[in-house]
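Spelled out from the first residue to the last, the chains are:
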Amino acid sequence: MPIITLLTDFGTRDSYVAELRAVLVSAAPAATLVDVTHEVPAGDVRAAMYLLGRTWRRFPPGTIHLAVVDPGVGTDRRALALSHGGHLFVGPDNGLFTPVLQDATIVRLRVPHGAAPTFHGRDVFAPAAARLAGGKPLATLGAGVTDPVMLPIPAPGRTADGLAGQVVYVDCFGTLVTNLPGVAARDASHVVVGGEFRAPLGRTFSDVGMGESVAFPGSGETIEVAVRGGSAAQRMGAGVGTEVLLRR
Amino acid sequence: MPIITLLTDFGTRDSYVAELRAVLVSAAPAATLVDVTHEVPAGDVRAAMYLLGRTWRRFPPGTIHLAVVDPGVGTDRRALALSHGGHLFVGPDNGLFTPVLQDATIVRLRVPHGAAPTFHGRDVFAPAAARLAGGKPLATLGAGVTDPVMLPIPAPGRTADGLAGQVVYVDCFGTLVTNLPGVAARDASHVVVGGEFRAPLGRTFSDVGMGESVAFPGSGETIEVAVRGGSAAQRMGAGVGTEVLLRR
Amino acid sequence: MPIITLLTDFGTRDSYVAELRAVLVSAAPAATLVDVTHEVPAGDVRAAMYLLGRTWRRFPPGTIHLAVVDPGVGTDRRALALSHGGHLFVGPDNGLFTPVLQDATIVRLRVPHGAAPTFHGRDVFAPAAARLAGGKPLATLGAGVTDPVMLPIPAPGRTADGLAGQVVYVDCFGTLVTNLPGVAARDASHVVVGGEFRAPLGRTFSDVGMGESVAFPGSGETIEVAVRGGSAAQRMGAGVGTEVLLRR
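Residues numbered from 1 in each chain as written. Chains lettered and ligands numbered in written order. Predicted model: local features only at pLDDT ≥ 70, side-chain atom pairs only at ≥ 80, totals over all residues. Heavy atoms only, no water.

Peer 1: I'm lost on the overall build of chain A in this one. Help?
Peer 2: A tally of regular secondary structure across chain A gives four helices and 15 strands. Against the compact-globule benchmark of 18 Å for 248 residues, chain A has a radius of gyration of 20 Å, which places it among compact chains. In terms of its C-alpha atoms, chain A occupies a principal-axis envelope of roughly 55 × 35 × 35 Å. Taken across its 248 residues, chain A has 59% of its residues classed as buried. (Helix = DSSP H or I, 4+ residues; strand = E, 2+ residues; numbered from the N terminus. Rg over C-alpha atoms; globule rule 2.2 N^0.38 Å. Buried < 20%, exposed > 50% of the residue type's maximum accessible area, 1.4 Å probe, protein only.)

In structure tokens form, the structure reads like this:
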């Protein structure tokens with residue numbers, strides 16, 4: 001009974017997610033469907049990449065991850081299925097899968113005649129995920145691909161008294177997720193966000209008073225910056241790409 | 001293991017959807033629940049009708065579609081269960097089921113004593129859906145109905161140089177879904193929305209530049225009008241009922 | 001095949017709910033996951049308490065209710081698992097479980113080394129729920145607790161001509177849910193909200209005209225106040241705690 005996870009920017013107001021689910025429950029009735037989210041900002045491949053990179057490993061081996069944030073749908077961008085670390089992934093070739101491309105086996109999916117050019121999620125990717133759930137080998141789904149699109153992933157750099165990183169994701173609470181490794185917090189006393197806002201290192205939100213800011217090694221294993229009971233993104237005018245310095 | 005789909009305007013913030021699910025998992029533990037959406041605008045029977053009409057056929061035969069957008073809950077509007085095309089449907093008699101009423105077998109559900117007059121979804125419709133999922137024949141659920149409420153469905157008309165239709169749904173991206181048949185796009189060069197905004201016919205979003213508008217045969221088999229990276233509804237001041245002309 | 005319900009304030013935009021689900025489908029693959037909601041206002045333990053109190057009983061005995069609205073995560077507030085009325089509950093010791101603490105058997109969960117101090121939902125509570133779903137006895141999960149945190153639950157009082165209660169929850173339609181017992185509506189003619197807004201007693205929304213206000217015995221067995229086609233909360237400037245008088 002394989003698991004199929006769903007990660008899209010389709011929103012939950014319309015019929016689009018239901019049409020994906022209809023394909024999956026029809027063609028892979030024994031699979032368990034698990035939503036990651038359908039509220040990725042429209043076309044935000046980087047946000048989808050972050051969410052995929054953070055979640056896939058927590059599911060059991062054999063899980064099929066259907067991820068469709070696809071601003072180039074209907075163009076000649078390739079449609080992919082791939083295996084990595086015992087998991088399977090299906091979606092567009094636009095960098096979304098960057099975190100799982102290393103040592104991956106990748107194939108290019110055929111686009112069936114009659115697939116809606118605006119809805120490959122339903123007509124290309126979900127049918128491929130269902131086939132994989134049914135036990136079809138990856139290699140039978142298409143020809144091999146060796147040059148998938150990869151997005152540059154920013155790496156933190158050393159500074160005189162610590163590390164320089166940046167915000168890579170902002171969650172719905174306005175918490176800033178950075179690319180600074182959580183373990184580096186041990187030797188640090190505070191962070192500086194956007195060259196201006198200082199937040200002490202702590203363990204959790206409640207280490208500071210209401211409305212105060214705090215940094216901590218987050219649940220995704222990098223350093224996060226939050227405002228207790230508020231939004232760090234708003235308070236600090238910060239977003240993806242904002243510089244965050246970790247200081248001794 | 002039958003499938004039960006859920007389509008409501010209950011929102012996902014409160015306990016209402018969970019109370020439906022509780023009835024279903026208690027009374028039909030073997031059924032698979034699949035959400036269509038719970039974010040139909042409150043009381044918008046036409047939007048629910050569009051979403052139901054678009055999705056039901058994609059599920060396997062035998063699926064039970066529980067659809068509760070019910071502004072007249074607790075009044076003497078009838079509660080229905082019906083079969084059409086090998087699928088089953090349960091919900092209020094307010095026109096929501098217009099797309100599936102032709103050749104349907106329809107019964108009127110009894111309202112159990114003690115049903116909350118404001119929550120027939122939980123106390124009338126979900127129990128009926130569970131009974132159907134358990135294999136109870138439709139005819140045992142109530143007396144036959146031959147005059148269900150039907151909503152007029154606007155049909156496109158011919159013009160000197162094409163077709164005149166209208167917007168029937170606006171999705172969460174602001175894309176305008178029309179009632180103009182997708183196949184008619186073959187002989188056309190552009191659409192005119194609201195007598196003012198022109199959009200060329202294409203295949204998909206990426207056929208035009210960012211911020212430009214485009215029309216295409218949509219994934220629901222009618223013509224849609226979108227703004228790439230933006231909202232056609234906003235740009236064109238358009239909504240359900242706005243005229244859309246298809247021109248050669 | 002036990003059921004696990006999920007009630008959180010994590011929102012549905014990020015990966016947090018998916019990370020809970022990943023733990024559960026990995027460690028309790030036979031369980032059925034049912035979302036109550038993930039849109040409790042951030043840190044609003046009272047709203048979570050209301051939603052839990054309203055829904056748990058509608059699920060079958062043996063259901064495990066995972067409820068994580070946890071503003072004190074990572075502090076020394078205790079982590080609990082408890083049984084009450086044949087159901088099991090897992091979450092923080094902050095009053096959320098007040099409606100089910102009477103006659104409950106309660107244990108304190110151990111926080112595993114390495115649990116993220118900001119995400120006990122994933123690292124403490126979901127693993128405990130999975131263990132219970134796998135049949136592990138409650139008593140094996142931790143030492144007994146006899147003094148759980150309880151929130152005061154406001155009780156309505158008698159007045160010269162009826163009852164005085166208050167709003168305890170506002171739903172997504174702006175309907176005011178009070179603590180006035182539904183059965184008391186029989187002897188009453190109207191309510192007064194906030195000392196100012198009068199609404200007649202009825203049965204359902206459609207008992208009044210569009211835009212008019214109405215009170216009725218609600219589906220949660222207490223009196224509710226609504227504006228047909230509008231928001232009573234907005235119209236009456238009312239929220240949790242606003243006084244509602246029931247009058248003969």
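That shown, we press on.
Peer 1: Help me understand the packing of aromatic side chains in this model?
Peer 2: Pairs of aromatic rings are described using the distance from one ring centre to the other and the angle between the two planes. Residues and elements named next belong to chain A. All chains considered together, the criterion is met by 18 aromatic pairs over all chains. Consider the rings of F205 and F216, whose centres lie 5.3 Å apart with planes at 80°: the pair is edge-to-face. Of this pair, F205 sits in the loop between strand 12 (197-200) and strand 13 (213-217) while F216 is found in strand 13, placing the two residues eleven residues apart along the sequence. The class for F205 is partly exposed, based on a relative accessible area of 24%. Connected via pairs of aromatic rings, a cluster forms that spans F10, Y16 and F119. (Phe/Tyr/Trp six-rings, centres within 6.5 Å; stacked < 30°, edge-to-face > 60°.)

Peer 1: Please clarify how the interface of chain A and chain B should be interpreted in this entry.
Peer 2: Note: interface size is frequently given as the accessible area lost on complex formation between the parts. Every contact between the two is made by 26 residues of chain A and, on the other side, 24 residues of chain B. For the pair chain A and chain B, the two sides together bury roughly 2,300 Å², of which 54% comes from carbon and sulfur. With a shortest N-O distance of 3.4 Å, B:R58 and A:E19 are connected by a salt bridge. Our count for the contact surface shared by chain A and chain B stands at 16 residue pairs in polar contact (both at pLDDT 80 or more). When residues in the side of chain A that touches chain B are grouped by element, the largest group, seven residues, is from helix 1 (residues 16-27) of chain A. Across the side of chain A that touches chain B, the residue classes tally to twelve nonpolar, eight polar and six charged. (Contact = heavy atoms within 4.5 Å. Buried area = accessible area lost by both parts, 1.4 Å probe. Salt bridge = Lys/Arg side-chain N within 4 Å of Asp/Glu carboxyl O. Polar contact = N/O pair within 3.5 Å; in protein donor to acceptor, adjacent residues only side chain to side chain. Nonpolar A, V, L, I, M, F, W, Y, C, P; charged D, E, K, R; others polar.)

Peer 1: How do you make sense of the relation of the copies chain A and chain B when you look at a structure like this?
Peer 2: Least-squares fitting of chain A to chain B yields an RMSD of 0.0 Å, with the transformation described by 0.0 Å of translation along the axis and a rotation of 120°. As the rotation angle and translation indicate, the two copies are arranged about a three-fold axis. (Least-squares fit on C-alpha atoms with pLDDT ≥ 70 in both.)

Peer 1: In this structure, what is going on with the state of the cysteines? I would like to understand it.
Peer 2: Disulfide: a covalent bond connecting the sulfur atoms of a pair of cysteines. A full pass over the atoms with the stated rule returns zero disulfides over all chains. This cysteine, A:C172, is not joined by any disulfide, and B:C172 carries the nearest cysteine sulfur, 18 Å off. (Disulfide = S-S within 2.5 Å.)

Peer 1: Quick question: what am I supposed to make of helix 2 (residues 45-55) of chain B here?
Peer 2: Every α-helix winds through 3.6 residues per turn, so residues three or four apart in the chain are directed the same way. When you tally the buried positions in helix 2 of chain B, you get nine out of eleven residues, the bulk of the element. Within helix 2 of chain B the residues assigned to the buried category are B:V45, B:A47, B:A48, B:M49, B:Y50, B:L51, B:L52, B:R54 and B:T55.

Peer 1: Would you mind going over the interface of chain A and chain C with me for this structure?
Peer 2: In this complex, chain A contributes 24 residues to the contact, which on the side of chain C involves 26 residues. Both faces considered, chain A and chain C share a buried interface measuring about 2,300 Å² in area, 55% of it formed by carbon and sulfur atoms. Linking chain A with chain C are two salt bridges. For the pair chain A and chain C, the interface holds 16 residue pairs in polar contact (both at pLDDT 80 or more). Counting only elements with at least two residues in the side of chain A that touches chain C, the list comes to strand 2 (32-37), helix 2 (45-55) and strand 9 (162-170) of chain A. By residue number, the principal contributor to the side of chain A that touches chain C is strand 2 of chain A, which donates four residues.

Peer 1: Hey, could you run me through the pairing of strand 1 (residues 3-8) of chain C in this one?
Peer 2: A regular strand places its side chains on the two faces of the sheet in alternate fashion. Residues and elements named next belong to chain C. Taking burial as the measure, the six residues of strand 1 include six buried ones, the bulk of the element. Judged by which residues are buried, strand 1 turns out to be covered on both faces: I3, T5 and L7 on one side and I4, L6 and T8 on the other are all buried. Where strand 1 lies against strand 2 (residues 32-37), five bridges are found, and the strand directions are parallel. Of the residues in strand 2, the one forming a bridge with T5 is V34. Handedness of the β-α-β unit built from strand 1, helix 1 (residues 16-27) and strand 2 comes out right-handed. Pairing analysis gives five bridges linking strand 1 to strand 3 (residues 64-68), with the strands arranged parallel. The residue bridging I4 from the neighbouring strand is I64, located in strand 3. (Pairing = 2+ DSSP bridges. Right-handed = clockwise from strand over helix to strand, strands pointing away.)

Peer 1: Hey, could you run me through the pattern of salt bridges in this one?
Peer 2: Pairing between side chains becomes possible if they bear opposite charge and their charged atoms approach one another. Evaluated as defined, the whole model comprises 28 salt bridges over all chains. A salt bridge links C:R122 to C:E19; the shortest N-O distance between them is 2.6 Å. Of this pair, C:R122 sits in helix 3 (residues 120-133) while C:E19 is found in helix 1, placing the two residues 103 residues apart along the sequence. Using a relative accessible area of 4% as the deciding quantity, one classes C:R122 as buried. The class for C:E19 is buried, based on a relative accessible area of 1%. Among the charged side chains, a network of salt bridges with common partners joins A:E19, A:R122, A:D123, B:R54, B:R58 and B:E224.

By themselves, these observations are geometric and do not establish any function.
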